[in-house]
Amino acid sequence: DGAQAHRVVRQPGGMKQRRRVGIVIGQLSLGGTERQAVVLAQGLASSSEYEPLVFCVSEDFNPLDGTLSDAGVACFHPGSERKSSLARLLWLTKELSAARCDLVYGLLNVGNIYAGAAAALLGIPLVASIRSANNGLPFSIRALSGHFCRRARWIVANSDSCRDSLKRDLGVRHDRVSVVHNGIPVEVPDGTARARFRARIGCREGELVVGTVALLK
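Analysis parameters
Residues numbered from 1 in each chain as written. Predicted model: local features only at pLDDT ≥ 70, side-chain atom pairs only at ≥ 80, totals over all residues. Heavy atoms only, no water. Helix = DSSP H or I, 4+ residues; strand = E, 2+ residues; numbered from the N terminus. Buried < 20%, exposed > 50% of the residue type's maximum accessible area, 1.4 Å probe, protein only. Contact = heavy atoms within 4.5 Å. Areas by Shrake-Rupley, 256 points an atom, 1.4 Å probe, with all protein chains shown as cover. Polar contact = N/O pair within 3.5 Å; in protein donor to acceptor, adjacent residues only side chain to side chain. Pairing = 2+ DSSP bridges. Right-handed = clockwise from strand over helix to strand, strands pointing away. Axes fitted to C-alpha atoms, helices over the stretch in contact; angles between N-to-C directions. Arc of directions from axis to C-beta. Salt bridge = Lys/Arg side-chain N within 4 Å of Asp/Glu carboxyl O.

**Points about the overall build of the protein**
And then number 1: Assigned secondary structure in the protein consists of eight helices and seven strands.
And then number 2: Judged by the C-alpha coordinates and their principal axes, the protein covers about 65 × 55 × 40 Å.
And then number 3: The buried share of the protein, reckoned over its 217 residues, is 39%.
And then number 4: Within the protein, counting contacts between residues at least 6 apart in sequence, those at least 24 apart form 59% of the total.
And then number 5: With an accessible surface of roughly 12,900 Å², the protein has 55% of that area assigned to carbon and sulfur atoms.

Right, dumping it as structure tokens:
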């Protein structure tokens, strides 16, 4: 069980073939989950074990598709002619099959539904991820997301409260859940970073800069 997802294929010369991970998300606009998808894809792309491919099931794929391209990660979207959910599911299933993905990774409830359905049709493992499983979601979304989460090989939750809501709101009773907190890409500043930042905000030499961390909402 799961041998396909964990096999290591050796190419001529002893080179290992990277295992392909299809990351499925509803959109790639500037949102928190969308940024986490990019961080995940960038991390996988930098490894020698995995090759990430990102599948956005809507036409809302800007601006983060450009960030993925810069990292060498291929990004696919269905195009405007595929408007119905069924047409997009068929498109996703076809693309995952053509790419010969070894594993499908769903993001958010909608991503889990599309990823779960396509994985079931293709017979490949699903890893689901949940960042919001509250009972305020439409019943159909909760029912379908819960269905595929219960059948997922594993689930990633980004907080303890989200892990708890899987059981409470989506009916997930199994223990195949890990809490992985949001990744934060941190750039190490060089010796000129301070001067460049002060120049960017128009701060003169000798002036005091006070930083405030707050939720601007």
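Structure shown, so let's carry the discussion forward.
**Details of the environment of Trp154**
And then number 1: Relative to the assigned elements, Trp154 resides in strand β6 (residues 154–157).
And then number 2: Given a relative accessible area of 36%, Trp154 falls into the partly exposed group.
And then number 3: Along the chain, Trp154 and Arg176 lie 22 residues apart, while their C-alpha atoms are 5.1 Å from each other.
And then number 4: Look past the residues within four positions of Trp154 in its chain and what remains in contact with it is Leu126, Val127, Ala128, Asp175, Arg176, Val177 and Ser178.
And then number 5: A distance of 2.8 Å separates polar atoms of two side chains, one belonging to Trp154 and the other to Ser178.

**A short note on the pairing of strand β5 (residues 126–130)**
And then number 1: Within β5, five of the five residues are buried, which leaves the element mostly enclosed by the surrounding structure.
And then number 2: Burial along β5 is two-sided: the face carrying Leu126, Ala128 and Ile130 and the face carrying Val127 and Ser129 are both buried.
And then number 3: Here four bridges tie strand β4 (residues 103–107) to β5, and the two strands are oriented parallel to one another. From the neighbouring strand, Val104 faces β5, where its bridge partner is Leu126.
And then number 4: In this fold, β4 hands off to helix α5 (residues 108–122), which returns the chain to β5; that crossover is right-handed.

**Some words on the sheet that holds strand β2 (residues 50–56)**
And then number 1: Within the open sheet, the seven strands sit side by side as β3-β2-β1-β4-β5-β6-β7. Their pairing is parallel. Both edges of this open sheet fall to β3 (74–76) and β7 (177–179), since each of them pairs with a single strand only. Between one strand axis and the next, the sheet turns by 25° as a mean value, whatever way the strands run.
And then number 2: Along the sheet face, helix α2 (residues 32–45) touches β1 (19–25), β2 and β4 and points at about 175° away from the line of β1.

**Overview of the side chain of Gln36**
And then number 1: Its place among the elements puts Gln36 in helix α2.
And then number 2: Taking relative accessible area as the criterion, Gln36 reaches 16% and is therefore assigned buried.
And then number 3: In this structure Gln36 touches Arg131, Asn182 and Gly183, once residues within four positions along its chain are discounted.

**A closer look at unusual backbone geometry**
And then number 1: Here the residue pair Asn62 and Pro63 is connected by a cis peptide bond, since its omega of 0° sits within 30 degrees of zero.
And then number 2: Residue placement: Pro63 occurs in the loop between β2 and α3 (64–70).
And then number 3: Here Arg100, not a glycine, exhibits a phi torsion of approximately 55°, which is positive.
And then number 4: Position of Arg100 among the secondary structure elements: in the loop between α4 (85–99) and β4.
And then number 5: Notably, Leu108 is not glycine yet its phi reads approximately 70°, a positive angle.
And then number 6: Structurally, Leu108 is set in helix α5.

**Details of helix α7 (residues 160–170)**
And then number 1: All of the buried residues along α7 are Cys162, Ser165, Leu166, Asp169 and Leu170. What you see down the axis of α7 is that its buried residues fit within an arc of 120°, all on one side.
And then number 2: Packing partners of the buried residues in α7 comprise α5, β5, α6 (139–151), β6 and β7.
And then number 3: In the stretch just after α7, Gly171 is the one whose phi turns positive, near 70°.

**Some details on the pattern of salt bridges**
And then number 1: Scanning the entire structure with this criterion turns up eight salt bridges.
And then number 2: Here Glu49 and Arg19 are joined by a salt bridge, their closest N and O atoms 2.7 Å apart. With Glu49 in the loop between α2 and β2 and Arg19 in strand β1, this residue pair connects regions lying 30 residues apart in the sequence.
And then number 3: When its relative accessible area of 13% is taken as the criterion, Arg19 is described as buried.
And then number 4: Notably, a salt bridge pairs Glu59 with Arg88, separated by 3.5 Å at the nearest N-O pair. Highlighted residues: Glu59 in the loop between β2 and α3 and Arg88 in helix α4, separated in sequence by 29 residues.
And then number 5: The exposure class assigned to Glu59 is partly exposed, which follows from its relative accessible area of 37%.
And then number 6: Members of the salt-bridge network, linked through shared partners, are Asp160, Arg163 and Asp164.

No statement about biological role is implied by the geometric values presented.
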